[in-house]
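If you want the building blocks of each chain, they are given just below.
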Amino acid sequence: MKRYILAVFFLVALTSAAGAGQVGGLATNVGEGGLSLSTGLLYIDKDVERNGQKEEMTTRQLVVKGSYGLLPNLDLNVKLGFADLEVDPIEGRLDALYGVGFKFKMFQDPNNKVNVLLDGEVTQFSSEDNGDDADVTDYQVAFIVSNKAGNITPYGGIKFSETEIERGSTKYTADNNVGVFGGVDYFVNPNVFFTGEVNIFDQDAVYIGVGYKF
């Protein structure tokens, strides 16, 4: 039954794709039956295209992320929060954000210090400007390498992402779909952690957050 759930989830996630937010927080799995909750601030500056013209998109996001360990190597993630949007000629207000995703551990060393993971997510929000909604959908698939060293887990990797913005008949898409990222998860104690991450190339993004692992 678990294998069936896993197969269905991967099929849905990879065909609908995955979010262009942060990858870490936590960078590794929580373990079967485990749970983590985190909250953080994310700022994104990204180039998008509209009718062949390049525009600059910015968004500020307040995100709460929950992760549940469905299997020893598979976490399911849920995101809720708020986001705004600014891209010429749109200056949208803060509005609700939501997303779903997964994190699958592909490899670990015998001491479970070095891990290679596949992360996928889709995130959506709408931002209202003068009575019209701009609908934003972010997709992301990322390959993560993490290396635990005591209370600190630095990580980094490569990701493939897409951003779609629709407002009436106007549509924007990402100018660059390949990026790299790096960050660190720092555990104050076995439960409380802080996290920070930087994304470049596909977008300039900074994320800082705090969380609790149950």
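Being a predicted model, the structure only gives us computed values, none of them experimental. (Residues numbered from 1 in each chain as written. Predicted model: local features only at pLDDT ≥ 70, side-chain atom pairs only at ≥ 80, totals over all residues. Heavy atoms only, no water.)

Some thoughts on the overall build of the chain
Thinking step 1. The secondary structure content of the chain amounts to 1 helix and 11 strands.
Thinking step 2. Starting at the N terminus and walking to the C terminus, you meet the elements of the chain as α-β-β-β-β-β-β-β-β-β-β-β.
Thinking step 3. Accessible surface computed for the chain: about 10300 Å², of which carbon and sulfur atoms make up 59%. (Helix = DSSP H or I, 4+ residues; strand = E, 2+ residues; numbered from the N terminus. Areas by Shrake-Rupley, 256 points an atom, 1.4 Å probe, with all protein chains shown as cover.)

Thoughts on the nonpolar core
Thinking step 1. Counting 17 residues, the largest nonpolar core has M57, L85, V87, I90, F125, I165 and Y172 as its most contacted members.
Thinking step 2. At the level of elements, strand 1 (35–50), strand 2 (53–71), strand 3 (74–87), strand 4 (90–108), strand 6 (132–147) and strand 11 (204–213) are the ones that each hand at least two residues to this core.
Thinking step 3. Leave out the neighbours within four places in its chain, and M57 touches I44, D45, K46, V48, L85, E86, V87, T163 and I165.
Thinking step 4. Counting residues in hydrophobic clusters, the runner-up holds 7 residues, among them V23, L117, A142 and Y155. (Core = buried A, V, L, I, M, F, W, Y, C linked by side-chain atoms within 4.5 Å. Buried < 20%, exposed > 50% of the residue type's maximum accessible area, 1.4 Å probe, protein only. Contact = heavy atoms within 4.5 Å.)

Points about the side chain of T58
Thinking step 1. Summarising the element assignment, T58 is placed in strand 2.
Thinking step 2. Overall, the relative accessible area of 18% leaves T58 in the buried class.
Thinking step 3. Setting aside its immediate chain neighbours within four residues, T58 contacts Y43, I44, D45, D84, L85 and E86.

What about the pattern of salt bridges?
Thinking step 1. Counting across every chain of the model gives 10 salt bridges.
Thinking step 2. Residue K79 is joined to E121 by a salt bridge in which the shortest nitrogen-to-oxygen separation is 2.8 Å. Here the residue K79 occupies a position in strand 3, and E121 occupies one in strand 5 (residues 114–129), the gap between them amounting to 42 residues.
Thinking step 3. K79 sits in the buried class, given a relative accessible area of 4%.
Thinking step 4. The exposure class assigned to E121 is buried, which follows from its relative accessible area of 3%.
Thinking step 5. Put simply, E128 and R93 hold a salt bridge, and the shortest N to O gap is 3.2 Å. Separated by 35 residues along the polypeptide, E128 in strand 5 and R93 in strand 4 bring together distant segments of the chain. (Salt bridge = Lys/Arg side-chain N within 4 Å of Asp/Glu carboxyl O.)

Here we look at a negative patch on the surface
Thinking step 1. A cluster of acidic residues, D47, E49, E56, E86, D88, E91 and D204, forms a negative patch on the protein surface.
Thinking step 2. For D47, a relative accessible area of 34% corresponds to the partly exposed category. (Patch = residues over 30% accessible without salt bridge, like charges linked within 9 Å, V, L, I, M, F, W, Y side chains within 5 Å. Lys, Arg positive; Asp, Glu negative; His and termini not counted. Charge placed at Lys NZ, Arg CZ, Asp CG, Glu CD.)

Some remarks on a nonpolar patch on the surface
Thinking step 1. Where nonpolar side chains cluster on the molecular surface, the patch consists of L41, L62, F82, L94, V198, I200, F201, V206 and I208 and spans about 860 Å² of accessible area.
Thinking step 2. Elements that contribute at least two residues to the nonpolar patch include exactly strand 10 (192–200) and strand 11.
Thinking step 3. Within the secondary structure layout, F201 lies in the loop between strand 10 and strand 11.

Let's talk about the environment of E164
Thinking step 1. The topology assignment puts E164 in strand 7 (residues 152–167).
Thinking step 2. A sequence separation of 116 residues divides E164 from V48, and the C-alpha atoms of the two residues are 8.7 Å apart.
Thinking step 3. Aside from chain neighbours lying at most four places away, what touches E164 is D135, V136, T137, Y139, K171 and Y172.

Regarding the side chain of R167
Thinking step 1. Along the chain, R167 falls in strand 7.
Thinking step 2. In terms of polar contacts, R167 uses its side chain to reach the backbone carbonyl oxygen of D129, at 3.3 Å.
Thinking step 3. With residues up to four places along the chain from it excluded, the contact list for R167 reads P89, I90, D129, D132, D133 and A134. (Polar contact = N/O pair within 3.5 Å; in protein donor to acceptor, adjacent residues only side chain to side chain.)

Here's the deal with the environment of N73
Thinking step 1. With respect to the helices and strands, the residue N73 is situated in the loop between strand 2 and strand 3.
Thinking step 2. Among the residues examined, N73 registers a relative accessible area of 32% and is labelled partly exposed.
Thinking step 3. Setting aside chain neighbours within four positions, we find N73 in contact with N29, K103, F104 and K105.

Digging into unusual backbone geometry
Thinking step 1. P89 follows D88 through a cis peptide bond whose omega is 5°.
Thinking step 2. Inspection of the secondary structure assignment puts P89 in the loop between strand 3 and strand 4.
Thinking step 3. Despite not being glycine, N51 has its phi angle at roughly 55°, a positive value.
Thinking step 4. Judged by its relative accessible area of 76%, N51 falls in the exposed class.
Thinking step 5. A positive phi is found at N112, a non-glycine position, where the angle reads about 55°.
Thinking step 6. Inspection of the secondary structure assignment puts N112 in the loop between strand 4 and strand 5.
Thinking step 7. A relative accessible area of 34% places N112 in the partly exposed class.

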